[in-house]
Amino acid sequence: MQLRDKIVIMDEMDMKRALTRISHEIIEANKGVEGVALVGIRRRGCPLAYRLADQIEAIEGTRPPVGLLDITLYRDDLTTLGTQPEVHRTEVYFDITNLTVVLVDDVIYTGRTVRAAMDALMDLGRPRRIQLAVLIDRGHRELPIKPDFVGKNVPTSREEIISVMVEEIDNDNKVVIQELMS
Amino acid sequence: MNFEKRKDLLGLKDMSREEIELILDTAVPMKDVIRREIKKVPALRGKGMITVFYENSTRTRTSFELAGKYLSADTSNLAVSTSSVQKGESLKDTIQTIEMMGPDILVMRHSMSGAPHYVARNTRMRVINAGDGTNEHPTQALLDMFSIRERKGTLEGLKVAIVGDILHSRVARSNIYGLSKFGCEVRVVGPSTLMPPEIERLGVRQYFDLKEGISGVDVINVLRIQRERQHAGLFPSLEEYAELYMLRPEHLELAGDGAILLHPGPMNRGIEISTELAEGPNTLVNEQVTNGVAVRMALLFLMMGGRRDEIAA
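Since this is a predicted model, take the numbers as computed values, not measurements.

Caption draft 1: How the structure looks around the overall build of chain B. Across its full length, chain B holds eleven helices and nine strands. By the compact-globule yardstick of 20 Å for 313 residues, chain B fits well, its C-alpha radius of gyration being 19 Å. With the principal axes as the frame, chain B shows a C-alpha extent of 55 × 45 × 35 Å. Out of the 313 residues in chain B, the part that is buried amounts to 59%. Restricting to contacts in chain B with at least 6 residues of sequence separation, those with at least 24 account for 75%. Summed over all atoms, the accessible surface of chain B reaches about 13000 Å², with 47% contributed by carbon and sulfur.

Caption draft 2: A look at the sheet that holds strand β1 (residues 48-53) of chain B. Residues and elements named next belong to chain B. Strand order in the open sheet formed by four strands is β2-β1-β3-β4, and the pairing between neighbours is parallel. What marks the edges here is a single partner per strand, and that holds for β2 (74-78) and β4 (126-132). Going from strand to strand, the sheet's axes swing by 15° on average, the running direction of each strand aside. The strands that helix α11 (residues 285-303) touches are β1, β3 (105-110) and β4; relative to β4, the one it contacts most, it runs at about 150°.

Caption draft 3: Broad picture of the sheet that holds strand β7 (residues 205-207) of chain B. All names here are of chain B. What the five strands build is an open sheet, ordered β7-β6-β5-β8-β9; its pairing is parallel. Looking along the sheet, the strands with just one partner apiece sit at the ends: β7 and β9 (260-262). Each strand of the sheet is rotated relative to its neighbour by a mean of 25°, with strand direction disregarded. Bridge count for strand β5 (residues 159-163) against strand β8 (residues 219-222) is four bridges, and the pairing is parallel. In the strand pairing of β8, Val 163 is matched with Val 222. Across the sheet, helix α5 (residues 138-152) lies against β8 and β9, angled at about 165° from β9, the strand it touches most.

Caption draft 4: Broad picture of the packing of helix α1 (residues 17-35) of chain B against α5(B). All names here are of chain B. The contact between α1 and α5 brings their axes to 10 Å, and the two run at 70°. By the angle between their directions, the pair α1 and α5 is classed as roughly perpendicular. Between α1 and α5 lies a crossing whose hand is right-handed. Contacts from Ile 20, Ile 23, Leu 24, Asp 25, Ala 27, Val 28 and Lys 31 in α1 reach Leu 142, Met 145, Phe 146, Arg 149 and Glu 150 in α5. Split by residue class, the contact of α1 with α5 holds eight nonpolar, no polar and four charged.

Caption draft 5: Structural view of α5(B). Residue and element names in this part refer to chain B. Taking 1.5 Å as the rise per residue, α5 with 15 residues should run 21 Å; its terminal C-alpha atoms sit 21 Å apart, in good agreement. Across the 15 residues of α5, twelve count as buried, placing the element largely inside the fold. Where α5 is concerned, the buried positions are Pro 138, Thr 139, Gln 140, Ala 141, Leu 142, Leu 143, Asp 144, Met 145, Phe 146, Ser 147, Ile 148 and Arg 149. Taken from the residues just after α5, Gly 153 is the one with a positive phi, measuring 90°.

Caption draft 6: Here's a closer look at the interface of chain A and chain B. Taken together, the 19 residues of chain A in the interface contact 23 residues of chain B. Taken together, both faces of the contact between chain A and chain B bury some 1700 Å²; the carbon and sulfur share is 61%. Counting every contact that joins chain A to chain B gives one salt bridge. In this structure, B:Asp32 and A:Arg89 form a salt bridge, with 2.9 Å as the shortest nitrogen-oxygen distance. On inspection of chain A and its partner chain B, the count reaches two residue pairs in polar contact (both at pLDDT 80 or more). Counted by class, the side of chain A that touches chain B contains eight nonpolar, eight polar and three charged residues.

Caption draft 7: A look at the pattern of salt bridges. By the definition in use, this model includes 32 salt bridges over all chains. Between A:Lys174 and A:Asp5 there is a salt bridge, with its nearest N and O atoms 3.6 Å apart. A residue pair is termed long-range when its members are at least 10 positions apart, and A:Lys174 in strand β8 (residues 174-180) and A:Asp5 in strand β1 (residues 3-10) qualify at 169 residues. In this structure, B:Arg149 and B:Asp25 form a salt bridge, with 2.9 Å as the shortest nitrogen-oxygen distance. Placement of the pair is B:Arg149 in helix α5 and B:Asp25 in helix α1, with a sequence separation of 124 residues. The class of B:Asp25 is partly exposed, set by a relative accessible area of 42%. Linked by salt bridges that have partners in common, A:Arg4, A:Lys6, A:Glu160 and A:Glu179 make up one network.

Caption draft 8: Quick look at a nonpolar patch on the surface. Residues and elements named next belong to chain A. Where nonpolar side chains cluster on the molecular surface, the patch consists of Met 1, Leu 3 and Leu 180 and spans about 350 Å² of accessible area. Structurally, Leu 180 is set in strand β8. Accessibility expressed as a relative area gives 46% for Leu 180, which makes it partly exposed.

Caption draft 9: Just the confidence of the model for chain B, in detail. When pLDDT is averaged along chain B, the result is 92, and 95% of the positions lie at 70 or above. Note that pLDDT drops below 50 for residues 308-313 of chain B; the model gives that stretch nine contacts with residues more than four away or on any other chain.

Caption draft 10: Quick look at the packing of aromatic side chains. According to the stated counting rule, one finds one aromatic pair over all chains in the structure shown. The lysine or arginine in question, A:Arg138, covers the ring of A:Tyr109, its NZ or CZ lying 4.1 Å from the ring centre. Over the aromatic face of B:Phe64 sits the side chain of B:Arg296, whose NZ or CZ is 4.9 Å from the ring centroid.

Analysis parameters
- Residues numbered from 1 in each chain as written.
- Chains lettered and ligands numbered in written order.
- Predicted model: local features only at pLDDT ≥ 70, side-chain atom pairs only at ≥ 80, totals over all residues.
- Heavy atoms only, no water.
- Helix = DSSP H or I, 4+ residues; strand = E, 2+ residues; numbered from the N terminus.
- Rg over C-alpha atoms; globule rule 2.2 N^0.38 Å.
- Buried < 20%, exposed > 50% of the residue type's maximum accessible area, 1.4 Å probe, protein only.
- Contact = heavy atoms within 4.5 Å.
- Areas by Shrake-Rupley, 256 points an atom, 1.4 Å probe, with all protein chains shown as cover.
- Pairing = 2+ DSSP bridges.
- Axes fitted to C-alpha atoms, helices over the stretch in contact; angles between N-to-C directions.
- Parallel < 35°, antiparallel > 145°, perpendicular 65-115°, else oblique.
- Left-handed = near helix turned anticlockwise from the far one by under 90°.
- Nonpolar A, V, L, I, M, F, W, Y, C, P; charged D, E, K, R; others polar.
- Expected span 1.5 Å × (residues − 1).
- Buried area = accessible area lost by both parts, 1.4 Å probe.
- Salt bridge = Lys/Arg side-chain N within 4 Å of Asp/Glu carboxyl O.
- Polar contact = N/O pair within 3.5 Å; in protein donor to acceptor, adjacent residues only side chain to side chain.
- Patch = residues over 30% accessible without salt bridge, like charges linked within 9 Å, V, L, I, M, F, W, Y side chains within 5 Å.
- pLDDT = per-residue confidence, 0-100.
- Phe/Tyr/Trp six-rings, centres within 6.5 Å; stacked < 30°, edge-to-face > 60°.
- Lys NZ or Arg CZ within 6 Å of the ring centre and 35° of its normal.

As structure tokens, then:
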């Protein structure tokens, strides 16, 4: 399967600005970051969660704790997939009970990943509140889930593929719409 | 990864290194689940697992059952000693009856080598061998390998001595097959009467002297003297065996720096292992039990992916 970049919808600076704005919004919505933790959803939510933590620390002088969540064991399509996806570790080394947990992911699409992430989180403790921050909202929700903080709304067709690239994984920082090469 | 093409897990002999690595890697997050307050994930919701043990076992069967439950599978056990098997039902009929009740996976132990292989060919259920005669006990070897890798950081190039009754040991065979795929130097140590002929054909070296066999190794895996299999008078007495082959703290010093000791349990203290060593800091016996559940969770998860009609029986 070969993919071709169709449009670049965010470059490195756009991503940085969006994350800065989301950081401010998280601080504003929670009146500071006391009792706030960030939890990135594997894989690309994780580097974004760290970047948000860096920005929040630069603005507020306090760094919220960051955890990493693997949602594989909570997916709703395990019995229909041909191959089991790889399971990775969940690394949330603080008690989330009574915290406001901001889930962080790169793209929200059907909402099924976020549903799985909320279930996974609940098994780790009882957060006071869960919020959701995403870099891209591409629409097509299949569950009643709405992000609290959005970098950019991108209307897409279901055939298109949105790729968020991050330096830590992809050696690049940009968001592109890709299509299958025919 | 080609795990989806595998219907059954019958032994490590025909498993690839990549498949073994995938199981060991998957067991790492599974071990985290066991340590959590809420030890349950929904991954295998709606899947059924049945354990059928034609030979006694408490730890392996319980370990499989808990592994299934932690993954939300429905598990049950066929108690062979109180079942129709006692009325003379054949193995094939028993398995067919179980299959018609609808479980997806069958975990089976049998005193006959090859019994799970026979069953696997005759059922649509996925079959996991939980020990067959003197052939293989793959999940024990997998948990041993996981325990070694966790403590040593790698399996690559380690020296491992397996000590005891090699002749009757399916644990030894599975360990030899598995460890060899990772470039380990495997030694087998024991009295000549408990050493299978031509064991060195498996690529191991045999030693009849304990001290010689364990000197300089990274890992010692002590086997249980299976008293239930010692009818032929292969050694004069348990006392004499203990005199010559019981592992004591000084033996661990003889082995390499930071050497670790494994035992599949249940331990015969004072026969193959001294009490002092059994409770020593470099003895992983207890950790092995936890790791056993994690490794079995990984295996169940990996084997239960996909719809059943996609799997060639």
